[in-house]
Each structure stands twice: as structure tokens, then as C-alpha cells.
Amino acid sequence: MPFNALNLSASVMRGVVAAGYTDPTPIQLRAIPVVLSGRDLIASAQTGTGKTAAFALPILSKLGVHARAPRVLILEPTRELAAQVETAFRDFARFTDLRTVALFGGVGYGAQRNELKKGVDVISATPGRLMDYIKGGELSLGSIEILVLDEVDRMLDMGFLPVVKDIISRCPKNRQTLFFSATVPPEIAAVASFALKNPERVECGVNRSVTQSVSHALYPVAWAQKFELLVALLEKTDFQSVLVFSRTKHGADKIASRLKSAKHSVAVLHANRSQNQRIEALAGFKSGKYEIMVATDIAARGIDVAGVTHVINYDVPENPEDYVHRIGRTGRAMAVGDAFTLVSPENADDIRDIQRFIGAKIPELRLEGFPYQPFVVNPSYPKKGQNQRRGGGGRPQGHSGGRQGQGGGGQARQGGNRGGGGGFRGR
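Residues numbered from 1 in each chain as written. Predicted model: local features only at pLDDT ≥ 70, side-chain atom pairs only at ≥ 80, totals over all residues. Heavy atoms only, no water.

## Digging into the overall build of the protein chain
Secondary structure assignment for the protein chain yields 14 helices and 13 strands. When each of the 427 residues of the protein chain is scored for burial, the buried share is 56%. Expressed as a percentage of contacts within the protein chain between residues at least 6 apart in sequence, the contacts between residues at least 24 apart total 77%. Summed over all atoms, the accessible surface of the protein chain reaches about 17800 Å², with 50% contributed by carbon and sulfur. (Helix = DSSP H or I, 4+ residues; strand = E, 2+ residues; numbered from the N terminus. Buried < 20%, exposed > 50% of the residue type's maximum accessible area, 1.4 Å probe, protein only. Contact = heavy atoms within 4.5 Å. Areas by Shrake-Rupley, 256 points an atom, 1.4 Å probe, with all protein chains shown as cover.)

## Quick look at the packing of helix α3 (residues 51–63) against helix α4 (residues 79–92)
The contact between α3 and α4 brings their axes to 10 Å, and the two run at 45 degrees. Overall, the two elements α3 and α4 adopt an arrangement that is oblique. Viewed along their axes, α3 and α4 form a crossing whose handedness is right-handed. Across from Thr52, Ala53, Phe55, Ala56, Leu57, Ile59 and Leu60 in α3, the residues of α4 making contact are Val85, Ala88, Phe89 and Phe92. (Axes fitted to C-alpha atoms, helices over the stretch in contact; angles between N-to-C directions. Parallel < 35°, antiparallel > 145°, perpendicular 65-115°, else oblique. Left-handed = near helix turned anticlockwise from the far one by under 90°.)

## Some points on the environment of Phe160
Mapped onto the elements, Phe160 comes out in the loop between α7 (152–157) and α8 (161–169). On the basis of relative accessible area, Phe160 is assigned to the buried category, the value being 19%. Non-local contacts of Phe160, meaning those with residues more than four positions away in its chain, are made with Pro77, Pro127 and Met155.

## Some remarks on the side chain of Ser246
With respect to the element layout, Ser246 can be found in the loop between β9 (242–245) and α11 (249–261). Here Ser246 falls in the buried class, since its relative accessible area comes to 0%. Polar side-chain contacts of Ser246 include one of 3.0 Å to the backbone oxygen of Thr248. In terms of polar contacts, Ser246 uses its side chain to reach the side chain of Asp315, at 3.3 Å. (Polar contact = N/O pair within 3.5 Å; in protein donor to acceptor, adjacent residues only side chain to side chain.)

## Focus on the pairing of strand β2 (residues 72–75)
Taking every second residue as pointing to the same face, both faces of β2 are buried, with Val72 and Ile74 on one and Leu73 and Leu75 on the other. Here four bridges tie β2 to strand β5 (residues 146–150), and the two strands are oriented parallel to one another. Along β5, the bridge assignment pairs Ile74 with Val148. (Pairing = 2+ DSSP bridges.)

## Focus: the sheet that holds β9
Pairing is parallel across the open sheet formed by six strands, whose spatial order is β8-β13-β12-β9-β11-β10. Either end of the sheet is taken by a strand with one partner, and the two such strands are β8 (214–220) and β10 (266–269). Taken pair by pair, the neighbouring strands of this sheet meet at an average axis angle of 20 degrees, ignoring direction. Note: β9 against strand β12 (residues 310–313), four bridges, orientation parallel.

Written out as C-alpha cells, the structure reads:
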């Protein structure tokens, strides 16, 4: 079914065509009619399935013309997502007179305050900054007709549940409410019970499997040699751009600093970076200024960077769902990608849980020529269920800072596999 059969408004359809959209994705096909009907909705869809358009297009079609009071509120867990969603709304609404604004922290209040004063139809916001304007008497939610809670599972993970409940309570009771989430844990059901009325349920693309366009493998290594192996993998991999994931902000900074010392161009993305630093890091990574981005899981959801050829999990993610999200940053849009996960004996429980979650065993590979040391359990590594307080650890045992063969699509693979060599399969 094409977009023009979904009863979207003519002006929004012009925006769809201008944006280069052709055929709707499954989540769009199923969610758009529900949103247009006015029913509440709980939609489960993974990042990259087109869920922003699934609610943006019907919402814009319903709004009609500009009104000074805000009628749509979209809550997002991170600044990046709030900005991306606002950009999507603005693009789709380019042939209308509807006005949008993104409200998030890390930047000054002036520009955002000015946009609110001009009058906006759609607000895309993080909970904290939104509450700043509400408590300051600069914004009321009394005119909200449609409330969207996007990435709800992530908002709960980040501890936003109390403020989200407060925000919901400030919206009119006769609103339409839409929940979009990659997963629907019991906590979301509890929120939905008081926030939604007889919601329709839609599930699309919610699976636990790794996309077939991604080749993923485990690289067992002693904890103290993790950074040395990371550098060795980069030296023997012909990549275009690499996302390196750390569990902690401190770990991300430490890894990035050491990679810079090894003569790599590196950007860093985590919650402690200022908004300007985040914008610069993402723009630089997308443009190729930085060949590597070191990030915490804030970048695993919603950050869509085309052309990421490799993902390296420096730290094994604590939650199995995050493994799927992380490695899903590569192998997108019909491209192929590779994902490497550095694992130490401390990670045994996490790896077992990940493999049970995805229903498959992840191959274990060894890098040919790497001077592996005997595995020794790191006594300071927290047991599963505790917060990991260190990342980017381990002193390098000596490494070369350079790397050969940048760019070019494929990989300069090493021969061999389990027990012998590199596990770099040719593309």
C-alpha cells in the first residue's frame, strides 16, 4: 500500500514526497490509520523501522493549520532524539504553516523561549527542560490534544518515570495518547494503565534476532589487554567509521583519550557532554571528520548515522536488549556491517543472557598474531546486577598507533577462525 492510500493530508503528502519516502514501512502501515482514527496507541517498534514518521505524518495531517497554543507534545529521553524528532516534523510540515520547537537542556533558554513566545503547534522535548518552562510559568499543557511518549522503555531506564507522570497529569484528560517503545516491559504497562484509554496495540519489527546484514563475533581477551586488542582490531580492519561502546561515561572518555594518543580521530558522545559538544561530535562523525565515535548507550537508540561499517563493544552491555540495539547501528539501509565484542571472564553471565535473548550462539574468534595473555578474572569487576563503575580499563601492553587501509567498504581480513586467526570474513 503506498503512502497516498493512507488518507494523509495533501500538504503532508507533499512533504513525504519531498523527503524522498516511497513505500511505508510495516509500523507506518499499521500505526498511521490508528493515529488518524483518534484512538490511543501502544506501538512496539525497534529503532530504524520508521516509527517517527509513523506518528509524525498522521499527527500533522490532523493538525490542519497553525494555532498559537501548542497542541502536540512529544516526550523524548535524550536531547539528540528530541532534536531529531523536531527536525522530522519540520521536514514533513514544510508545505504547511505549522510551527515546531525542540526543548532540551545543555543549551541556553533564549532561543527556545523566543520560539515558544511566537506560538508553536508541536513541541518535542526532554522531560527536564519541559518542566523548567512549566514551573517557570512560560508554558501550559492545557491545550495539548495529542501526547506522544517515544522510547518509553529508555525513559524508564533513565529514571524519568516520576516526572513523566507529572507531565501526563498536566495534560487534558480528553487527549489522544501514543506510546512508542522498542520493548514493553511491565513498568510500561503500569504507566499505560493510567495514561491511555483502551489503546490499540501494534507490534512491528520487534524481534530479538540480529539483522542478517550484520556479522557479529566475540573476541575473548584478558581484561588488562582489552585496549591493546581494540587497537589491534582497528589496525587490521579496513573500516569507514566505527562506533565503540563503553558502559560508562568515564570509560568512554578514557577510551577516546587513549585512541587519540594512538593517532585516531575520535569523537565522544555521552550524557555529560554539552549540547554543542554532542552536535559537533555527531556532525563530525557523519561527515567523516572523526573515524571513530566512542559512546555510551545514549547513542545505541535513535542515533541514525549512515555508513557505520563497524561496531565494537569495548564493554559488554549489561542488558541483552542493548546488545541488539548497539550492533544495529551498523548494517543499515541494505548495507553490511560487522560487530565485535571484547569479552573477558567477568562477562560470562552477560554473554549467556545475550545469547539466550537472541536465541543464537555468537561465534568466538581470535585475532591472528595478537599476543594473548592468560585470562585472569578482574576482582574489581562488579557482579551482574551491580552498576559497573569502571570502563576503558586495562593498560596497553604496547601497541602501534597507526593503522592501514582506511575506507573502501570491505575489510582487510586475516585468515583463520576459532582457535587460530582473525575471523574477519570478506565482504
